[in-house]
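# Results of the structural survey
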Amino acid sequence: MTAEKPAPATARELGIAEQVALYQREFPTVDPQVETIVQSLSRVARRMTVAYDRQLTVLGITAAEWEVLKALVVSGSPYQLGPGELAKRLGLTPAAMTHRIDRMVAEGLVTRDRDEANRVRVIIELTDLGRDKWLESMRMAAVFEEELLQDVVGEDRAVLAGMLARMLRRIEESRPDTPARAADQG
């Protein structure tokens, strides 16, 4: 009779302090404050993405679909764009955009029609259902974001916003493979 092997320990994410200590062990000149900030930002971003994805799942849409809805909403009334313009705004190939639009038309989030003034041109338009889902996602996100920032109040919010905007600008200016998106910074 052979002895049973013990079950493997459940993997867990290291705490930030633990991770930084391990980094320092292997790379003694690492700045622990910088690493703590960078690791915290990274984890906040990942967890925010998971939270937003969960909210969208409740609404029955994907993050990719939400991006299309957002592009149509920010284009302003009458919430219409051509598929080529949508693809460009979202950094997609025309084929990928067509596939996404096909799904969204089937779900009733957008319509696809020929432009009456130019029958060659196709117009993608936000439906009432698509707009309602986008608005509800924004309401849900606002509640989550307010909860997330509950400890950052008053002038601290403006200071934090300014620091993050400067960090983002520095990354975009110093990394040629990271396209600058000044619109993200307000």
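As a reminder, the structure under discussion sits directly above these lines.
Residues numbered from 1 in each chain as written. Predicted model: local features only at pLDDT ≥ 70, side-chain atom pairs only at ≥ 80, totals over all residues. Heavy atoms only, no water.

For soluble globular proteins, nonpolar side chains are generally found buried alongside one another. In terms of nonpolar packing, the biggest core is built from 22 residues, with Ile61, Leu69, Leu72, Leu86 and Ile124 touching the most fellow members. Excluding anything up to four places from it in sequence, Leu86 contacts Val68, Ala71, Leu72, Leu81, Met97, Ile101 and Ile124. (Core = buried A, V, L, I, M, F, W, Y, C linked by side-chain atoms within 4.5 Å. Buried < 20%, exposed > 50% of the residue type's maximum accessible area, 1.4 Å probe, protein only. Contact = heavy atoms within 4.5 Å.)

The contact between helix α2 (residues 32-59) and helix α6 (residues 128-148) brings their axes to 10 Å, and the two run at 145°. Our pair here, α2 against α6, has a crossing hand that is right-handed. For the pair formed by α2 and α6, the contact residues are Met48, Ala51, Tyr52, Gln55, Leu56, Val58 and Leu59 on the first element and Lys133, Glu136, Ser137, Met140, Ala141, Phe144, Glu145 and Leu148 on the second. Residues that form the contact of α2 with α6 fall into these classes: ten nonpolar, two polar and three charged. (Axes fitted to C-alpha atoms, helices over the stretch in contact; angles between N-to-C directions. Helix = DSSP H or I, 4+ residues; strand = E, 2+ residues; numbered from the N terminus. Left-handed = near helix turned anticlockwise from the far one by under 90°. Nonpolar A, V, L, I, M, F, W, Y, C, P; charged D, E, K, R; others polar.)

Across the interface, helix α4 (residues 83-90) lies against helix α5 (residues 94-106) with an axial gap of 9 Å and an inter-helix angle of 110°. Compared by their axis directions, α4 and α5 come out roughly perpendicular. Facing Pro83, Leu86, Ala87 and Leu90 of α4, the residues of α5 in contact are Met97, Arg100 and Ile101. A breakdown of the residues in the contact of α4 with α5 according to their chemical character gives six nonpolar, no polar and one charged. (Parallel < 35°, antiparallel > 145°, perpendicular 65-115°, else oblique.)

Turning next to the pairing of strand β3 (residues 122-126). For β3, the buried fraction is high: four of the five residues fall into the buried class. Bridging between strand β1 (residues 80-81) and β3 involves two bridges; their strand directions are antiparallel. Bridge pairing links Gln80 to Glu125 in β3. Bridging between strand β2 (residues 110-114) and β3 involves five bridges; their strand directions are antiparallel. Bridge pairing in β3 links Arg114 to Val122. (Pairing = 2+ DSSP bridges.)

Once that is clear, we can look at the side chain of Glu35. The topology assignment puts Glu35 in helix α2. Of the side chains with opposite charge, Arg43 comes closest to the buried, unpaired Glu35, at an N-O distance of 9.4 Å. (Lys, Arg positive; Asp, Glu negative; His and termini not counted. Salt bridge = Lys/Arg side-chain N within 4 Å of Asp/Glu carboxyl O.)

As a further point, take the pattern of salt bridges. Taken as a whole and assessed by the stated rule, the structure comprises eleven salt bridges. For Glu18, the salt bridge goes to Arg12, with nearest N and O atoms at 2.8 Å. For Arg12, a relative accessible area of 55% corresponds to the exposed category. Here Glu13 ties to Arg47 by a salt bridge, and the two come within 2.4 Å at their closest N and O atoms. Of the two residues, Glu13 sits in the segment before α1 (16-26) while Arg47 sits in helix α2, which places them 34 residues apart along the sequence. Given the relative accessible area of 44%, Arg47 is considered partly exposed.

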